[in-house]
Amino acid sequence: MYQPPAYEVTDETVLFDLIRKYPLGTLVANAGGELEANHLPFVVVQDGGKRYLLAHVARANPDWPQFHDGDKVLVLFRGEQGYVSPNWYPSKQQSEDQVPTWNYQVVHVRGRISVVDTPRFVRGVVARLITQNEATQPHPWKLTDSSPDFVAGELQKIVGLKVEIESLVGKFKLSQNRSDTDLRGAIHGLRGVGKDGLAGAMEKAIEKATHARPRA
């Protein structure tokens with residue numbers, strides 16, 4: 001991934017926060033000599049000093065039988081994203097020489113995959129995913145809300161995946177190359193088209209830059 005220094009994010013706390021907030025990842029892996037992409041919700045866990053991404057796929061999915069334990073994989077996560085119009089920049093009043101751009105937040109995770117086809121592991125993955133994603137509900141749903149036989153039948157239809165994390169790379173392209181005035185203009189424009197999430201991420205970029213500047 002092309003990585004200008006201004007957009008690089010190395011704080012792993014920030015990167016894992018994005019994964020938890022936007023858990024739908026794209027797993028890119030070798031399956032029978034071809035690169036295949038599967039879109040799966042993931043959960044992050046730590047075990048014995050190592051960190052893992054856990055997920056599951058349908059047993060009917062033809063890719064997982066071709067995954068070999070220890071194969072290198074890439075998992076892509078995307079946060080906020082959106083189009084930025086040059087019309088939102090106050091500097092356009094001084095110069096027409098402006099171009100549009102696309103802002104986004106992404107995290108690339110590289111690691112090694114394992115297939116874990118055991119009832120206990122699969123149930124644990126599903127339980128973790130449910131706990132993570134039901135947390136915002138007023139009355140969180142639980143596996144035990146359904147009958148044991150029904151749950152057991154559903155769990156037989158899926159296979160567990162575990163990715164041991166080897167590296168994380170974060171890129172938050174949030175108009176850090178623009179002046180504060182243009183950046184705030186873009187934030188205002190994004191809010192006007194309903195992109196509040198991306199606008200909020202850009203505001204955080206301003207705050208971070210402000211705190212990083214040396215005091216006079």
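Our subject is the structure that appears above.
Read on for a plain summary of the structure. Predicted model, so just to flag it, every value in this text is computed and none were measured.

## A word on the pattern of salt bridges
And then number 1: Inspection of the entire model under this criterion finds ten salt bridges.
And then number 2: Note that Asp117 is salt-bridged to Arg59, the shortest N-O span being 2.8 Å. With a gap of 58 residues between them, Asp117 in the loop between strand E7 (101-116) and helix H2 (119-134) and Arg59 in the loop between strand E5 (50-58) and strand E6 (72-84) connect regions that are remote in the sequence.
And then number 3: Take Asp117: its relative accessible area is 39%, and that puts it in the partly exposed class.
And then number 4: Overall, the relative accessible area of 34% leaves Arg59 in the partly exposed class.
And then number 5: In this structure, the salt-bridge partner of Arg178 is Asp182, at a minimum N-O distance of 2.6 Å.
And then number 6: Owing to a relative accessible area of 22%, Arg178 belongs among the partly exposed residues under this scheme.

## Observations regarding the side chain of Asp182
And then number 1: Locating Asp182 in the fold gives a position in helix H4 (residues 180-192).
And then number 2: The class for Asp182 is buried, based on a relative accessible area of 3%.

## A closer look at the packing of aromatic side chains
And then number 1: Scanning the entire structure with this criterion turns up two aromatic pairs.
And then number 2: On the basis of an interplanar angle of 75° and a centroid distance of 5.7 Å, the ring pair of Phe42 and Phe77 is categorised as edge-to-face. Placement of Phe42 in the loop between strand E3 (34-41) and strand E4 (43-47) and of Phe77 in strand E6 is noted, with a sequence separation of 35 residues between them. In this structure, Phe42 and Phe77 share a single accessibility class: buried.
And then number 3: Ring centres of Tyr83 and Trp102 lie 6.0 Å apart, and the angle between their planes is 65°; this geometry places the pair in the edge-to-face category. Here Tyr83 is found in strand E6, whereas its partner Trp102 is found in strand E7, with 19 residues between them in sequence.
And then number 4: With a relative accessible area of 40%, Tyr83 lands in the partly exposed category.
And then number 5: The partly exposed category is assigned to Trp102, whose relative accessible area is 45%.

The rules behind each value
- Residues numbered from 1 in each chain as written.
- Predicted model: local features only at pLDDT ≥ 70, side-chain atom pairs only at ≥ 80, totals over all residues.
- Heavy atoms only, no water.
- Salt bridge = Lys/Arg side-chain N within 4 Å of Asp/Glu carboxyl O.
- Helix = DSSP H or I, 4+ residues; strand = E, 2+ residues; numbered from the N terminus.
- Buried < 20%, exposed > 50% of the residue type's maximum accessible area, 1.4 Å probe, protein only.
- Phe/Tyr/Trp six-rings, centres within 6.5 Å; stacked < 30°, edge-to-face > 60°.

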